[in-house]
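# Examining the three-dimensional arrangement
Residue-level listing of the chains:
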Amino acid sequence: YDGNYSRFLELKKARMDAWNAAYNAQEKKIKAERQWINKFKAKQPDAVKQRQAKLEKFMKSDEFVQKPPFTGKPFRFRFPDAPRLSPEVA
């Protein structure tokens with residue numbers, strides 16, 4: 001990367017936003033395709049088989065966008081204070 005850490009964070013955020021947008025658009029497309037398949041299952045079984053095969057082929061292809069990692073709040077571990085030890089024996 002050229003630039004400082006702030007520039008890296010900007011680029012990372014832009015890259016993650018683009019990844020999320022591509023994933024959401026893909027999920028919307030897959031959902032519409034599955035709705036069409038369920039709607040025409042009885043009326044057009046041949047067309048449904050073709051669409052299912054096309055959908056499965058797409059999901060196995062390199063064009064399929066994997067779900068982006070969750071980038072919400074980081075984990076915070078909180079440990080309770082340890083109990084006091086017994087007084088030293090002299």
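One can find the structure itself at the top, above this paragraph.
Residues numbered from 1 in each chain as written. Predicted model: local features only at pLDDT ≥ 70, side-chain atom pairs only at ≥ 80, totals over all residues. Heavy atoms only, no water.

### Some words on the pattern of salt bridges
The line we're drawing: By convention in these notes, a salt bridge is any Lys or Arg side-chain nitrogen within 4 Å of a carboxyl oxygen on Asp or Glu. Per the convention used, a helix needs a DSSP run of H or I reaching at least four residues, while a strand needs a run of E reaching at least two, with both numbered from the N terminus. To sort residues, take the accessible area from a 1.4 Å probe on protein chains only and compare it with the maximum for the residue type: under 20% means buried, over 50% means exposed, and anything in between is partly exposed.
Per the stated rule, a full pass over the model turns up 3 salt bridges. Between D17 and K13 there is a salt bridge, and its shortest N-O distance comes to 3.1 Å. Separated by 4 residues within a single helix, D17 and K13 lie in helix α1 (residues 5-39), roughly one turn from each other. For D17, a relative accessible area of 39% gives the class partly exposed. A salt bridge links R51 to E33; the shortest N-O distance between them is 3.2 Å. Here R51, found in helix α2 (residues 45-60), pairs with E33, found in helix α1; they are 18 residues apart in sequence, far enough to count as distant.

### Quick notes on α2
Helical periodicity: at 3.6 residues per turn, an α-helix aligns residues three or four positions apart in one direction. Test applied: To estimate the expected span of a helix, subtract one from its residue number and multiply by 1.5 Å. When we speak of the arc, we mean the arc of directions from the helix axis to the C-beta atoms. Only heavy atoms matter for contacts: two residues are in contact if any of them lie within 4.5 Å across the pair.
Taking 1.5 Å per residue, 16 residues should reach 22 Å; α2 reaches 23 Å between its end C-alpha atoms and fits that length. Residues V48, L55 and F58 constitute the buried set of α2. Take α2 and look down its axis: the buried residues cluster within an arc of 90 degrees, on one side only. When the buried face of α2 is taken as reference, the exposed residues oriented beyond 90 degrees from it are D46, K49, Q50, E56, K57 and K60. Lining the buried residues of α2 we find α1.

### Here's the deal with the packing of aromatic side chains
Given two aromatic rings, one states the distance between the centres and the angle between the planes to describe the pair. This is how the line gets drawn: For Phe, Tyr and Trp, rings pair up if their centres lie within 6.5 Å, where Trp contributes its six-membered ring, and each pair is then called stacked (planes under 30 degrees apart), edge-to-face (over 60) or tilted (otherwise). Remark: a charge is flagged as sitting over a ring if the NZ atom of Lys or the CZ atom of Arg is within 6 Å of the ring centre and within 35 degrees of the ring normal.
By the definition in use, this model includes 3 aromatic pairs. Taking 4.9 Å as the distance between ring centres and 40 degrees as the angle between the ring planes, the aromatic pair formed by W36 and F40 counts as tilted. Classification of F40 by relative accessible area gives buried; the value is 18%. Positioned above the aromatic ring of F58, the side-chain terminus of K29 is 5.0 Å from the ring centre.

### What about a nonpolar patch on the surface?
The cut-off we apply is this: Candidates for patches are residues over 30% relative accessible area with no salt bridge; among them, like charges are joined within 9 Å and nonpolar side chains (Val, Leu, Ile, Met, Phe, Trp, Tyr) within 5 Å. Here the accessible surface of atoms and residues is derived via Shrake-Rupley with a 1.4 Å probe, and residues count as covered only by protein chains that are part of the display.
Together, F75, F77 and F79 make up an exposed nonpolar region whose accessible area comes to about 520 Å². Looking at the element boundaries, F77 is found in the segment after α2. For F77, a relative accessible area of 69% gives the class exposed.

### Comments concerning the side chain of Q26
Going by this rule: Any pair of N or O atoms that falls within 3.5 Å is considered a polar contact. Within protein, one atom must be able to donate a hydrogen and the other to accept it, and sequence-neighbouring residues count only if both atoms are side-chain atoms.
Among the secondary structure elements, Q26 is positioned in helix α1. Here Q26 falls in the buried class, since its relative accessible area comes to 6%. Within the local environment of Q26, its side chain forms a polar contact with the backbone nitrogen of V65, the two atoms lying 2.7 Å apart. Not counting chain neighbours up to four residues away, the residues in contact with Q26 comprise F58, E63, F64 and V65.

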